[in-house]
Amino acid sequence: MGKVPIVEKGVVKDKGYSVSPDILEWLEWVDSQKSFRYEPLETDKGFTVRTEKPGYWIGYRKISGKLHKKYIGKTEDITLELLEQAAKELNKPPAPKQKAAKDTSNYVTESEVTQLRGELQALREEVQALVKLKAR
């Protein structure tokens, strides 16, 4: 398996081949790849850019052991600015997961428990009265 090409600080570095992403050759180069590594201009960390199906590109980056992905766009839309934006979004810490609110619809309230205890006591008394009647 060959080395993954790198786009670093706006320049494609592929076995000595360099091209600016601002020219038509850039789109031809992107179209000829299955994946490449993008190293942003700023301080954001790099990420892998991969085609999911021909012509559609996704950015991937692992944060804290979890893989995050961001749809980048179609081949003809891939620009340096778009890659920079994806880098910023892929470098945002993931939002903490919200704990699901407890479903209390199946819980019985304190007053309902008290009411049920009263009804149970009344039933017990009825059963005892019937047992006494039957015993006579």
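Up top is the structure.
Just so it is clear, the model here is predicted, and its values are computed rather than measured.

**Quick notes on the environment of K74**
- Inspection of the secondary structure puts K74 in strand β6 (residues 66-74).
- A relative accessible area of 32% places K74 in the partly exposed class.
- Residues K74 and K53, 21 residues apart in the sequence, show an inter-C-alpha distance of 10.0 Å.
- If we ignore the near neighbours within four places in the chain, the residues touching K74 are G55, Y56 and W57.

**A word on the pairing of strand β5 (residues 56-63)**
- Buried residues dominate β5, accounting for 6 of its 8 residues.
- Note that strand β4 (residues 47-53) and β5 share 5 bridges and pair antiparallel. Counted as the bridge partner of T51 is W57 from β5.
- Between β4 and the antiparallel strand that follows it, β5, lie 2 residues; G55 among them carries a positive phi value of about 90°.
- As paired strands, β5 and β6 are joined by 8 bridges and run antiparallel to one another.

**A short note on the side chain of E84**
- With respect to the secondary-structure elements, E84 resides in helix α2 (residues 80-90).
- Of the side chains with opposite charge, K88 comes closest to the buried, unpaired E84, at an N-O distance of 4.8 Å.
- Engagement of the side chain of E84 in a polar contact is seen with the side chain of Y38, the distance being 2.5 Å.
- Here the side chain of E84 touches L41 through a polar contact of 2.8 Å, landing on its backbone nitrogen.
- Each residue touching E84, except ones within four places of it in the same chain, is listed here: Y38, P40, L41 and E42.

**Focus on the pattern of salt bridges**
- Inspection of every chain in the model, using the stated rule, returns 4 salt bridges.
- Residue R37 is joined to E39 by a salt bridge in which the shortest nitrogen-to-oxygen separation is 3.0 Å.
- A salt bridge links K70 to E89; its shortest N-O distance comes to 3.2 Å. Placement of K70 in strand β6 and of E89 in helix α2 is noted, with a sequence separation of 19 residues between them.

**With respect to helix α1 (residues 24-31)**
- Three or more residues of α1 are buried, namely W26, W29 and V30. Buried residues of α1, seen end-on, are gathered within an arc of 100° and therefore sit on one face of the element. Across α1 from its buried face, at more than 90 degrees, point the exposed residues L24, E28 and D31.
- Close packing links the buried residues of α1 with β1 (6-8), β2 (11-13), β3 (35-39), β5 and α2.

Analysis parameters
- Residues numbered from 1 in each chain as written.
- Predicted model: local features only at pLDDT ≥ 70, side-chain atom pairs only at ≥ 80, totals over all residues.
- Heavy atoms only, no water.
- Helix = DSSP H or I, 4+ residues; strand = E, 2+ residues; numbered from the N terminus.
- Buried < 20%, exposed > 50% of the residue type's maximum accessible area, 1.4 Å probe, protein only.
- Contact = heavy atoms within 4.5 Å.
- Pairing = 2+ DSSP bridges.
- Lys, Arg positive; Asp, Glu negative; His and termini not counted.
- Salt bridge = Lys/Arg side-chain N within 4 Å of Asp/Glu carboxyl O.
- Polar contact = N/O pair within 3.5 Å; in protein donor to acceptor, adjacent residues only side chain to side chain.
- Arc of directions from axis to C-beta.

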